[in-house]
Amino acid sequence: MSRDNERPKVGLALGGGVARGLAHIGVLSVLEQAGVPIDCVAGTSVGSLIGAAYCAGLTVDDLKGIATHTGWWQISRPFLSGGGFVTFMRLEQWIVENVGEFNVDDLAIPFAAVASDLVTGKRVILKDGRLSTAVRASCSVPGFVPPVEMNGHILVDGGITDNVPADAARLLGADYVIGVDIFMPALRPHLGPLSQGFAAIETLVQHAGRKNDECDYLIVPELRGVSYFKFSDYERLIALGEDATRRALPDILDGLRRAESASKATRAISWPESDAMISPN
């Protein structure tokens, strides 16, 4: 519970989904306009990228502006190796240039990036260390992008183990967690036999972790069939995030009111601290 005004501490859990992550900007925009406070953010893959930028102090307008001139060439380069086909070293530089040179625990809003240990198969929550490296690790899709060595781990994309990291937001102190899932599976008949396999992979990633159990509210923008790779669709993606959040807003605001009321009721019936010090004699 937030101590300054006794309201629930609100956390965001931003999911992975490559270019679809631009929808997160629309989510942030509507939540801000509605006055919903964001006290901490946990992000997976592109969710870690958007979340890190926001927690570092970039405004929604800043993020929208950056989206207009950001594409694959700005964040990656071809790099054929045993670990993948492209390198995200350019992503680290992009973060430094557009967000700043920070450590994860230096950000204005508490933040964590979620990655996966390629050796153990376990989730790794990155709450400290170099921000740009943590985000790169969270975004490094195995087989396509080489893994990142960090804190004694061989790290790859967090979507393998926890695609909407709601409980990571709770570890940052959130009382009420709003999750954002941008990984909607869809059949694509034009891909022929590959369509079913691709949809199965989408389903596996979507269900990685326990987002449905951990989120107090899960926002799911209507992204079925939308490309994961077209950053040039930024206007549409941001708008879809805005639309989904506007629809969700009445339930979110009601949930926050109920959480605050429950907290006040709990405090009202708790034993007064001063009485506990009274001697029975």
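For the structure, check the block above.
Reading the values: the criteria
- Residues numbered from 1 in each chain as written.
- Predicted model: local features only at pLDDT ≥ 70, side-chain atom pairs only at ≥ 80, totals over all residues.
- Heavy atoms only, no water.
- Helix = DSSP H or I, 4+ residues; strand = E, 2+ residues; numbered from the N terminus.
- Buried < 20%, exposed > 50% of the residue type's maximum accessible area, 1.4 Å probe, protein only.
- Contact = heavy atoms within 4.5 Å.
- 1 Å grid on protein atoms, 1.4 Å probe; cavity = no way out; pocket = protein on both sides within 12 Å on 5 of 7 lines; lining within 4 Å.
- Points joined across faces, edges and corners; volume = space filled by probe spheres on them.
- Nonpolar A, V, L, I, M, F, W, Y, C, P; charged D, E, K, R; others polar.
- Salt bridge = Lys/Arg side-chain N within 4 Å of Asp/Glu carboxyl O.

Engineer: Where do I start with the environment of Pro147 in this structure?
Structural biologist: Along the polypeptide, Pro147 turns up in the loop between α6 (131-139) and β7 (148-150). By relative accessible area, which is 33% here, Pro147 ends up partly exposed. C-alpha of Pro147 to C-alpha of Ser116: the two residues are 31 residues apart in sequence and 9.8 Å apart in space. When residues no more than four places from it in sequence are discounted, the contact partners of Pro147 are Gly83, Leu118, Ile154, Leu155 and Val156.

Engineer: Would you mind going over empty space enclosed by the protein with me for this structure?
Structural biologist: With a probe scaled to a water molecule rolled over the atoms, the places where space remains empty come into view. Inspection of every chain in the model, using the stated rule, returns one cavity of 30 Å³ or more. Every residue lining the largest cavity is counted, 16 residues in all, and those nearest its centre are Leu22, Leu49, Ile50, Thr70 and Trp94. Counting only elements with at least two residues in the lining of the largest cavity, the list comes to α2 (46-55) and α3 (60-67). Tallied by class, the residues present in the lining of the largest cavity amount to 14 nonpolar, two polar and no charged.

Engineer: I keep staring at the layout of surface pockets and nothing clicks. Help me out?
Structural biologist: Approximately 160 Å³ is the volume attributed to the second largest pocket. In terms of lining, the second largest pocket is formed by Arg7, Pro8, Val10, Ala34, Gly35, Val36, Pro37, Leu253, Leu256, Arg257 and Glu260. Here the lining of the second largest pocket gets four residues from one element, more than from any other, and that element is helix α10 (residues 234-269). Broken down by class, the residue content of the lining of the second largest pocket amounts to seven nonpolar, one polar and three charged.

Engineer: It is not clear to me how the pattern of salt bridges should be interpreted in this structure. Could you clarify?
Structural biologist: For side chains of opposite charge, pairing can occur when their charged atoms come near one another. Throughout the structure, instances matching the rule amount to 14 salt bridges. Salt-bridge contacts for Asp162 lead to Arg123; the nearest nitrogen and oxygen are separated by 2.5 Å. Residue Asp162 is found in the loop between β8 (153-157) and α7 (166-171), and its partner Arg123 is found in strand β6 (residues 123-126); the two are separated by 39 residues along the sequence. With a relative accessible area of 30%, Arg123 lands in the partly exposed category. Several salt bridges converge on common partners, so that one network encompasses Lys64, Glu242, Asp243 and Arg246.

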